[in-house]
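Read off the chains here:
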Amino acid sequence: MIKQHLPHLDDLLVERGLQGVTDFSNHVEHIIKHLIDESDPSTQIGQKVDGSMMVLAGSDPFTGDFFVSTKSGLSQKNPRRCFCHADIEHYYEDMQGDVYKTLLAVFDALVDDPRFTHSYVYQMEVLWWDINQLDIDREMSHVSLTPNIIPYHYSTIHHAKDTPIGLVVHDRYTPFKGEGQHMILDKRSRAYDINVINRNENVTFFDGTITIDAGFRTHDIITIQAALDGLVKPEFYSDLFLEALPKISKYLQKYLRSTLLQDDNIYTAAKAGDSINHALLLKDFVAWLRDVMLEEASKLKTSKGQQRKKDEFNRLHMLMCTAEIESVIWKIYWMVRIKGLLLDHLENGNKLNSILQPGLNYSSNTIGEGFVHFMGDDHVKLVDKLYFTKTHIQHNRK
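What counts and how
Residues numbered from 1 in each chain as written. Predicted model: local features only at pLDDT ≥ 70, side-chain atom pairs only at ≥ 80, totals over all residues. Heavy atoms only, no water. Helix = DSSP H or I, 4+ residues; strand = E, 2+ residues; numbered from the N terminus. Buried < 20%, exposed > 50% of the residue type's maximum accessible area, 1.4 Å probe, protein only. Pairing = 2+ DSSP bridges. Phe/Tyr/Trp six-rings, centres within 6.5 Å; stacked < 30°, edge-to-face > 60°. Lys NZ or Arg CZ within 6 Å of the ring centre and 35° of its normal. Expected span 1.5 Å × (residues − 1). Bend = angle between axes of the 7 residues up to and from the residue. 1 Å grid on protein atoms, 1.4 Å probe; cavity = no way out; pocket = protein on both sides within 12 Å on 5 of 7 lines; lining within 4 Å. Points joined across faces, edges and corners; volume = space filled by probe spheres on them. Nonpolar A, V, L, I, M, F, W, Y, C, P; charged D, E, K, R; others polar. Axes fitted to C-alpha atoms, helices over the stretch in contact; angles between N-to-C directions. Contact = heavy atoms within 4.5 Å. Polar contact = N/O pair within 3.5 Å; in protein donor to acceptor, adjacent residues only side chain to side chain. Parallel < 35°, antiparallel > 145°, perpendicular 65-115°, else oblique. Salt bridge = Lys/Arg side-chain N within 4 Å of Asp/Glu carboxyl O.

Would you mind going over the overall build of the chain with me for this structure?
Helix and strand counts for the chain stand at 12 helices and 15 strands. When the 398 residues of the chain are sorted by exposure, 50% land in the buried category.

So, in structure tokens, the structure goes:
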């Protein structure tokens, strides 16, 4: 199934609780196997491409006809799958941005391609939908583009340079009929030949997967394994811990995101391998939580509602005082630290073999948006939150 929400690797604890710790450990161990070239076909690593939008295209399970859509094509109540220009105009013309124009361009580029009517649905990321969005250096056989915020480049030696559309192909699914007109996508597969898909004069296709030719530093493996051993020990998770976590996780996640722009936070410490003051961070979180919940209470219309929100804060505060919530901070710190070590190996050196490269030219040092790890049906993203947050801010200032 297509994941409507792709979690960060280091958010698995706060999003999934104790199961998230197990999932985190499994993902990390599979990624390390990839990096030391002991991978198996059930797990893969792909680029987290910062495209302009995600599109679905393929064969509708109810009619067999070709369609294009955004994720709204998977809606249970009102699926917006478009079989002609009139459908795109009806569903998307009034939407902000270039959604309408993009879907029209993708539809025209793929509607006569027989491979997109053979009982499959492809999930793709749009890189460009107008040739004028590309900066083409014909002398250097080089193309640069910025579909959203992160810049990319690629060589035209093996790829066409003047196609109207550029798409990153992420996944191929088999569609099934659900209730009403609900389309269910299952049996995900990446076992297709991207070179076969590439035979379309209207589209330049890119494969979202990457191949890795790298080892893994022994001392990093030791560091990661020691941390994983501590994370997965059941005795580290008391009943009070498990009671408190789901009640504070939503707020804790928001709080940690709010600290990304601060000079000193859990992410900067983990990236540098520095220690953090768990008690001080917890105290700051409690103060932040009090302000947030009081603001939420002030927006409620009745005094009873306001009091219930205040009582909720008092209960959460008591849980944080009695449960070992400091250990939540410790666990998140080590998840961020481990993710950073994995990203360091993925991003540095000549390890990646990918046609689409981050950066506007070959001397660029941008790391791109990050990566996605596929482990069966469980997908997580590995993104440097500090870098990506700063990139967003710089983009918004421009």
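I tried to follow the pairing of strand β1 (residues 43-47) on my own but got confused; where do I start?
The two faces of a sheet get side chains in turn, since along a regular strand they alternate between them. By the criterion of burial, β1 is predominantly enclosed, with four of the five residues buried. Bridging between β1 and strand β14 (residues 371-375) involves five bridges; their strand directions are antiparallel. Looking at β14, one finds that G46 is bridged to V372.

In this structure, what is going on with the sheet that holds strand β13 (residues 357-358)? I would like to understand it.
If you trace the four strands from one edge of the open sheet to the other, you get β5-β6-β7-β13, paired in antiparallel fashion. Taken across any chain shown, the strands that pair with only one partner, and hence form the sheet edges, are β5 (135-137) and β13. In the sheet, strand β6 (residues 142-145) pairs with strand β7 (residues 152-155) via four bridges, with the strands oriented antiparallel. Its bridge partner lying in β7, H142 is registered against S155.

Just to check I follow, could you spell out the packing of aromatic side chains for this structure?
Any aromatic ring pair is given by two values, namely how distant the centres are and how the planes are angled relative to each other. Enumeration according to the criterion identifies 12 aromatic pairs in this entry. Measuring from ring centre to ring centre gives 6.3 Å for W128 and F206, while their planes differ by 70°; the resulting arrangement is edge-to-face. On the criterion of sequence distance, the pair formed by W128 in strand β4 (residues 121-128) and F206 in strand β10 (residues 203-207) is long-range, its members being 78 residues apart. For W128, a relative accessible area of 0% gives the class buried. Exposure remark for F206: the relative accessible area of 1% places this residue in the buried category. Summarising the aromatic geometry, the rings of F285 and W288 are spaced 6.1 Å apart at their centres and angled 25° between planes, so their arrangement reads as stacked. Note that F285 and W288 are positioned in helix α9 (residues 278-298) at a spacing of three residues, about one turn of the helix. Take F285: its relative accessible area is 0%, and that puts it in the buried class. Three or more aromatic residues joined by ring pairs form one cluster here, namely F116, Y122 and F205. Stacked on the ring of Y120, the Lys or Arg R172 has its end atom at 4.1 Å from the ring centre.

I tried to follow helix α7 (residues 239-258) on my own but got confused; where do I start?
Since one α-helical turn is 3.6 residues long, residues separated by three or four positions face the same way. The end-to-end C-alpha separation of α7 is 28 Å, in line with the 28 Å expected for 20 residues at 1.5 Å each. Maximal helix bending in α7 amounts to about 55°, located at I248.

What is the right way to read empty space enclosed by the protein from this model?
A probe matching the size of a water molecule, rolled over the atoms, marks out where space remains unfilled. Applying the stated criterion across every chain, the model contains one cavity of 30 Å³ or more. In this structure, the largest cavity occupies an estimated 50 Å³ of space. If you go around the largest cavity, the residues you meet are D10, D11, V14, Q253, L256, Y267, I332 and K385. Residue composition of the lining of the largest cavity, grouped by class: four nonpolar, one polar and three charged.

Help me understand the environment of G340 in this model?
Mapped onto the secondary structure, G340 falls in helix α11 (residues 326-347). Residues G340 and D10, spaced 330 residues apart in sequence, show a C-alpha to C-alpha distance of 9.7 Å.

I'm lost on the sheet that holds β14 in this one. Help?
Whether parallel or antiparallel, the strands of a sheet pair through hydrogen bonds between backbone atoms. Spatial strand order, β1-β14-β15: three strands in an open sheet with antiparallel pairing. Strand pairing shows two members of the sheet lacking a second neighbour, β1 and β15 (378-382), which therefore form its edges. Ignoring strand direction, the axes of neighbouring strands in this sheet form an average angle of 20°. The sheet strands contacting helix α2 (residues 18-35) are β1, β14 and β15, and the helix crosses β14 at an angle near 105°. Where α11 meets the sheet, its contacts fall on β1, β14 and β15, and the angle it forms with β15 comes to roughly 80°.

Is there a simple way to think about the side chain of S59 in this case?
Inspection of the secondary structure assignment puts S59 in strand β2 (residues 53-59). With a relative accessible area of 6%, S59 lands in the buried category. Side-chain polar atoms of S59 contact the backbone oxygen of G64, separated by 3.5 Å. If near-sequence neighbours (up to four positions away) are discounted, S59 is found in contact with G64, D65, F67, F116, T117, H118, S119, Y120, V121 and P175.

What am I meant to see in the packing of α7 against α9 here?
A pair of packed helices is characterised by two quantities: the angle between their axes and the separation of those axes. Packing of α7 against α9 brings their axes to within 10 Å, and their N-to-C directions diverge by 110°. Judged by the angle between their axes, α7 and α9 are roughly perpendicular. From α7, I248, Y251, L252, K254, Y255 and S258 reach across to α9, where they touch L281, D284, F285, W288, L289, V292, M293 and E296.

I'm lost on the pattern of salt bridges in this one. Help?
For side chains bearing opposite charge, pairing can occur when the charged atoms are close. For the structure on display, the rule yields 12 salt bridges. Among the salt bridges present, the one from D23 reaches R16, with a minimum N-O distance of 2.8 Å. Given the relative accessible area of 12%, D23 is considered buried. Classification of R16 as partly exposed rests on a relative accessible area of 29%. Note that K48 and E369 form a salt bridge whose closest N and O atoms lie 3.1 Å from each other. A residue pair is termed long-range when its members are at least 10 positions apart, and K48 in the loop between β1 and β2 and E369 in the loop between β13 and β14 qualify at 321 residues. Classification of K48 by relative accessible area gives buried; the value is 18%. When salt bridges that share partners are traced, they join D10, D11, R257, K339 and K385 into one network.

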